[in-house]
Amino acid sequence: MLYNLIINLMEPKKECALCSRLVNLRNKNKILFPNFFNDRVLGIGPLNSKLLIIGLAPGLRGANRTGKIFYGDFSGNLLFSFLKKYNITVNDDEFNEIRNIRCRITNAVKCLPPKNKPTTDEIKTCNSFLKAEINKMKKLNVILTFGQIAHKSLVIAFNKRLSEYKFKHLKKHKINDQITLINSYHCSKYNINTKRLKFSDLDNIFKLIKKLLNL
Ligand code: SF4
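Rules and cut-offs
- Residues numbered from 1 in each chain as written.
- Predicted model: local features only at pLDDT ≥ 70, side-chain atom pairs only at ≥ 80, totals over all residues.
- Heavy atoms only, no water.
- Helix = DSSP H or I, 4+ residues; strand = E, 2+ residues; numbered from the N terminus.
- Buried < 20%, exposed > 50% of the residue type's maximum accessible area, 1.4 Å probe, protein only.
- Near = heavy atom within 4 Å.
- 1 Å grid on protein atoms, 1.4 Å probe; cavity = no way out; pocket = protein on both sides within 12 Å on 5 of 7 lines; lining within 4 Å.
- Sits in = over half its atoms within 2 Å of the grid points.

So, unusual backbone geometry
Part 1: In this structure, Asn87 takes a positive phi of about 60° despite not being glycine.
Part 2: Assignment of secondary structure puts Asn87 in the loop between helix H4 (74–85) and strand S2 (104–107).
Part 3: The class of Asn87 is partly exposed, set by a relative accessible area of 37%.
Part 4: Residue Lys195 is not a glycine yet carries a positive backbone phi of 65°.
Part 5: Its location among the elements puts Lys195 in the loop between helix H7 (189–193) and helix H8 (199–213).

Shown next as structure tokens:
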């Protein structure tokens, strides 16, 4: 009980050691890639935003390398090109100019998982931090989840049932009177190359977000 209370107030600390498998991978990567960040990657953007975007976890050569969420790989470049297109970043500065972001961006799991696949236990363990982050967002109106794991984590964070909130690409769910959830396939290179996720899908998602938020 006390543990839950404490963890709900916190972000994961540097070198968070709650998931042993992910810590083992982190330690291996410190040897293989000594110049990489190799630690948990925190969310960015104002906590008083109306929009929250949730990805899966840091990618090896993206956020795990740079230490900045959705920064340094294809997914990040794609996401930020759409945030700029729809004026959710205020100007053309680089992504690390976080003061210019008009949304919060985070991951369901804050450490790199092997093969981008966290276990259910890891998702649940890191969910305490996601839940704490969401609880701080008092003006939250729209959540965009990229991929099934982000969706599952969000449903867990709101203590809802997955059977009532099934993931479906482009589907809109009502979480409560204040919050709408939008599902998308992850904006990964693989999903774009296989046309599972199309640029026109992302256009439709961000048009819907702008409409829902009156931006
Ligand atoms: S995934 Fe989350 S809970 Fe697990 S070690 Fe990393 S920060 Fe800690």
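That was the structure; now back to the text.
Here's the deal with the site of the ligand
Part 1: Around the ligand sit Pro12, Cys16, Leu18, Cys19, Leu22, Arg40, Val109, Lys110, Cys111, Thr125, Cys126 and Phe129, and that is every residue in its neighbourhood.
Part 2: Because more than half of its atoms lie within 2 Å of the grid, the ligand is assigned to the largest cavity.
Part 3: Sorting elements by how many residues they give to the shell around the ligand places helix H5 (residues 120–135) first, with three residues.

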